[in-house]
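Working through the structure, step by step
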Amino acid sequence: HTLRLLNTYPTRPYIVNHGDLDLTDDLDEEPSYKPQKKEGYGVSKGMSSSLNGRCDIMDTLLEIKESEVNFQNERVLSVKINRVEILGRSGQLPVFYADAAAYHMFG
């Protein structure tokens, strides 16, 4: 039920500029610890992101949850799970979606 509820909220865009992202609230480190911001965050300068627009990972997670696990559905289910993995590795998921995806896939 949680995924259905989360899916009713407006979709959020992919994170393109990591300089604007503040993850200090999500850290379990000491308050005096300040993470260093990396230039480019794994993307060379001048290179544009391949992900832009609205993030649809919540739709994909809901489709995975509602898919019947059987031999005929195996390929489709694997493609959807791989898509979640790729989006998770992109480094462009909004933090809210990354948490939801992690809890869903491991839960």
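Quick notes on the rules
Residues numbered from 1 in each chain as written. Predicted model: local features only at pLDDT ≥ 70, side-chain atom pairs only at ≥ 80, totals over all residues. Heavy atoms only, no water. Helix = DSSP H or I, 4+ residues; strand = E, 2+ residues; numbered from the N terminus. Contact = heavy atoms within 4.5 Å. Polar contact = N/O pair within 3.5 Å; in protein donor to acceptor, adjacent residues only side chain to side chain. Core = buried A, V, L, I, M, F, W, Y, C linked by side-chain atoms within 4.5 Å. Buried < 20%, exposed > 50% of the residue type's maximum accessible area, 1.4 Å probe, protein only.

1. Thoughts on the environment of Arg 83
Position of Arg 83 among the secondary structure elements: in helix α3 (residues 74-89). For the pair Arg 83 and Ile 57, spaced 26 residues apart in sequence, the C-alpha separation works out to 8.4 Å. When neighbours within four sequence positions are excluded, Arg 83 is seen to be in contact with Tyr 14, Asp 56 and Thr 60. Here the side chain of Arg 83 touches Asp 56 through a polar contact of 2.4 Å, side chain to side chain.

2. Looking at the nonpolar core
With 17 residues, the main nonpolar core has Ile 57, Met 58 and Leu 61 as its most contacted residues. For this core, the secondary-structure elements that each account for two or more residues are α1 (2-7), α2 (57-66), α3 and α4 (95-106). Apart from residues no more than four positions distant in its own chain, Met 58 is found in contact with Leu 3, Leu 6, Asn 7, Tyr 97 and Ala 100.

3. A closer look at the environment of Asp 59
Following the sequence through the fold, Asp 59 ends up in helix α2. In this structure Asp 59 comes out as partly exposed when scored by relative accessible area, which is 34%. Only 3.0 Å separates the side chain of Asp 59 from the side chain of Asn 7, close enough to count as a polar contact.

Any functional reading would require information beyond the geometric quantities listed.
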